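Summary of structural features
Okay, here's what each chain looks like letter by letter:
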Amino acid sequence: QLFGFLEYKSRKELCVYLAENVIQTETHIDSHDQVDLFLTMISCLVTDQADQSAEPEDPEDFEIEQSLVGRLVHQLTSGIPDQQFLILNTCKKHLLTGGDKRIQYTLPSLIFRAIQLCRVYHDLAAEDEKWEKKVTKILMYINSLLSTLVKAEYWDLALRLFLQAALVCDMVGIQSAETAGYEFVSQAFAIYEEEVSDSKAQLIAISLIVATFERTINFSEENHEPLRSQCLRASSKLLKKPDQCRAVSLCAHLYWSGKNREMAGKPMEEGKKVLDCMKKAVRISNQCMEPSVQVQLFVELLNKYIYFLDNGCNDVSETMISQLVSKIREDMPGLEASESTTQITKHFNTTLEYIAQQHSISFPPS
């Protein structure tokens, strides 16, 4: 009631003080009723106020304040899982009133708290017979928050959080979670294909998708196969040849260290598929017009070949490595002197030193 007698600026300053105090003293607000009361009390930070100035807020101050709210969410926690879910729903009710400009700072914290709660229920599986239904409900909660970020067009943030959610689905390892996980990865792909147009951002996005999917272990082969094929197709369609090369070679890991439920946690180790990806990456690198970029890609691919050879991929032969080394040695003298060329040469020489220490591969004289 006292808050009502203060003007907007004074109320907001007091709200910032209260939020900072909770964080600094590591105070935990552990019931949904108390959370509801506290978020109502600091509503100046959570949503627009009727008496605030019509002028836009300072962007830097606004970001600091909303980041504070995001940090505050981690203090709204209970040691009782069911109570924690009630707290998350209370937070959602309040934070969604903040509008699109705030949710990019506040919803990620809610999503990570929900992901953590999934892990808690998974660990309590032996004590709570309803844990699977509760996890399914939390995954629906996460999906609703992610959908809100998508509608607000926070594409990059949503893509990354979809992938984080997919990982927790895989960790849980139940049928409903696999369905949700497949949907999360599919949504990440949809954002990548429809909303990410910058070539640099595309490479980062497809790399994140491939790396996330490589870590999964509980997808069935029925779901695993189309997703890894989609990763390879998407990598092959990147605009720039160097990006194509790097992404395609990254996909080779899906066929070597990738796992699915039928493999019972063991890596797939499909050497022929690995070799197909690597050969395709070499063909793409041959199409690059810039000599220094081409040689740099060859050196990167050489290291990939060595990695797979070291990890027991018998389809990668020493002859292939020897041929690639010869190609690099042939092209290296034609590069113009530059800092980039110096780095490429250093990388290549370091790789050759490693090969000499770990393998008995004979190379033609340079």
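Structural data are supplied above this passage.
Residues numbered from 1 in each chain as written. Predicted model: local features only at pLDDT ≥ 70, side-chain atom pairs only at ≥ 80, totals over all residues. Heavy atoms only, no water.

**A closer look at the overall build of the protein chain**
To keep it simple, the criterion reads: Think of it this way: any DSSP run of H or I at least four residues long counts as a helix, any run of E at least two long counts as a strand, and we number them from the N terminus. With a 1.4 Å probe rolled over the protein chains alone, any residue whose accessible area is under 20% of its type maximum counts as buried; one over 50% counts as exposed, and the rest are partly exposed. It only takes one pair of heavy atoms within 4.5 Å for two residues to be counted as in contact. Surface exposure here means Shrake-Rupley accessible area, sampled with a 1.4 Å probe, where a residue is shielded only by the protein chains that are shown. Counted charges follow a simple rule, with Lys and Arg positive, Asp and Glu negative, and His plus the chain ends left uncounted. A charge is said to be at NZ when it belongs to Lys, at CZ for Arg, at CG for Asp and at CD for Glu.
When its secondary structure is counted, the protein chain shows 16 helices and zero strands. Projected onto the principal axes, the alpha-carbon positions of the protein chain cover approximately 85 × 50 × 35 Å. Split into buried and exposed, the 366 residues of the protein chain put 48% on the buried side. Sequence separation of 24 or more characterises 70% of the internal contacts of the protein chain that already satisfy a separation of 6 or more. Counting only carbon and sulfur atoms, one obtains 51% of the accessible surface of the protein chain, whose full area is about 18700 Å². Positive and negative side-chain charges in the protein chain, numbering 36 and 51 respectively, have mean positions lying 5 Å apart.

**Topic: the packing of helix α12 (residues 241–256) against helix α13 (residues 271–286)**
What describes two packed helices is the angle between their axes and the distance between those same axes. Worth spelling out the cut-off: Angles run from 0 to 180 degrees between N-to-C directions of axes, and those axes are lines fitted to C-alpha atoms, restricted for helices to the stretch in contact. Throughout this description, any angle smaller than 35 degrees is read as roughly parallel, any larger than 145 degrees as roughly antiparallel, any in the 65 to 115 degree range as roughly perpendicular, and the remainder as oblique. For this classification, the nonpolar set comprises Ala, Val, Leu, Ile, Met, Phe, Trp, Tyr, Cys and Pro, the charged set comprises Asp, Glu, Lys and Arg, and every other residue, Gly included, is treated as polar.
Remark: α12 packs on α13, axes separated minimally by 8 Å, with the N-to-C direction vectors making an angle of 175°. Taken together, the axis directions place α12 and α13 in an arrangement best described as roughly antiparallel. Within the contact between the two elements, α12 uses Lys241, Gln244, Cys245, Val248, Ser249, Cys251, Ala252, Tyr255 and Trp256 and α13 uses Gly271, Lys273, Val274, Cys277, Met278, Lys280, Ala281, Ile284 and Ser285. Along the lines of polarity and charge, the residues of the contact of α12 with α13 split into 11 nonpolar, four polar and three charged.

**Points about the packing of helix α8 (residues 155–172) against helix α9 (residues 175–195)**
This is how it is decided: By convention the crossing between two helices is left-handed if the near helix lies anticlockwise of the far one by an angle smaller than a right angle, and right-handed if it lies clockwise.
At a closest axis distance of 8 Å, the pairing of α8 and α9 adopts a crossing angle of 160°. In terms of orientation, α8 and α9 fall into the roughly antiparallel class. Note that α8 runs across α9; the crossing there is left-handed. Contacts from Trp155, Ala158, Leu159, Phe162, Leu163, Ala165, Ala166, Cys169 and Val172 in α8 reach Ala177, Ala180, Gly181, Phe184, Val185, Gln187, Ala188, Ile191, Tyr192 and Glu195 in α9. Looking at the contact of α8 with α9, its residues break down into 16 nonpolar, two polar and one charged.

**As for the environment of Ser220**
Structurally, Ser220 can be placed in the loop between α10 (199–215) and α11 (221–236). On a C-alpha basis, the gap between Ser220 and Leu301 in space is 30 Å, while along the polypeptide they are 81 residues apart.

**Quick word on the pattern of salt bridges**
Threshold: Any carboxyl oxygen of Asp or Glu that lies within 4 Å of a side-chain nitrogen of Lys or Arg is treated as forming a salt bridge with it.
Scanning the model with the defined rule gives 13 salt bridges in all. The closest approach of N and O atoms between Glu65 and Lys12, which form a salt bridge, is 3.3 Å. On the criterion of sequence distance, the pair formed by Glu65 in helix α4 (residues 59–72) and Lys12 in helix α1 (residues 8–24) is long-range, its members being 53 residues apart. Residues Glu65 and Lys12 agree in their burial class; the two are buried. Between Arg261 and Glu178 there is a salt bridge; the shortest N-O distance is 2.2 Å. You can see Arg261 sitting in the loop between α12 and α13 and its partner Glu178 sitting in helix α9, a full 83 residues away along the chain. By relative accessible area, which is 5% here, Glu178 ends up buried. One network of salt bridges, with partners in common, ties together Lys12, Glu57 and Glu65.

**Concerning helix α14 (residues 291–310)**
Just so we agree on the cut-off: Given a helix with a known number of residues, its expected span is that number minus one, times 1.5 Å.
The first and last C-alpha atoms of α14 sit 29 Å apart over 20 residues, in line with the 28 Å expected at 1.5 Å per residue. Where α14 terminates, the next one or two residues include Gly312, which has phi positive at roughly 90°.

**Digging into the side chain of Asn223**
Mapped onto the elements of the fold, Asn223 is located in helix α11. Relative accessible area serves as the criterion here: at 18%, Asn223 is assigned to the buried category. In contact with Asn223, not counting residues within four places along its chain, are Glu178 and Tyr182.

**Quick notes on unusual backbone geometry**
The phi dihedral of Glu26 falls on the positive side, at around 55°, and the residue is not glycine. Tracing the backbone through its elements, the reader meets Glu26 in the loop between α1 and α2 (32–41). Residue Glu153 is not a glycine yet carries a positive backbone phi of 70°. Relative accessible area serves as the criterion here: at 53%, Glu153 is assigned to the exposed category.

**What to know about the packing of aromatic side chains**
What counts is decided by this rule: Any pair of Phe, Tyr and Trp rings, taking the six-membered ring for Trp, is counted once the centres come within 6.5 Å. Such a pair is stacked with planes under 30 degrees apart, edge-to-face with planes over 60 apart, and tilted for the rest.
All chains considered together, the criterion is met by five aromatic pairs. Between Phe213 and Phe219, the aromatic rings sit 5.7 Å apart at their centres with planes inclined by 70°, giving edge-to-face as the arrangement. Each member of the pair, Phe213 together with Phe219, is buried. Judged by centre distance (5.2 Å) and plane angle (75°), the rings of Tyr307 and Phe308 are edge-to-face.

**Some remarks on α12**
For α12, built from 16 residues, the straight-helix expectation of 22 Å at 1.5 Å per residue is met to within 8% by its first-to-last C-alpha distance of 24 Å. Extensive coverage of α12 is indicated by the burial of 12 of its 16 residues. Among all positions in α12, only Asp243, Gln244, Cys245, Ala247, Val248, Ser249, Cys251, Ala252, His253, Leu254, Tyr255 and Trp256 are buried. Packing partners of the buried residues in α12 comprise α10, α11, α13 and α14.

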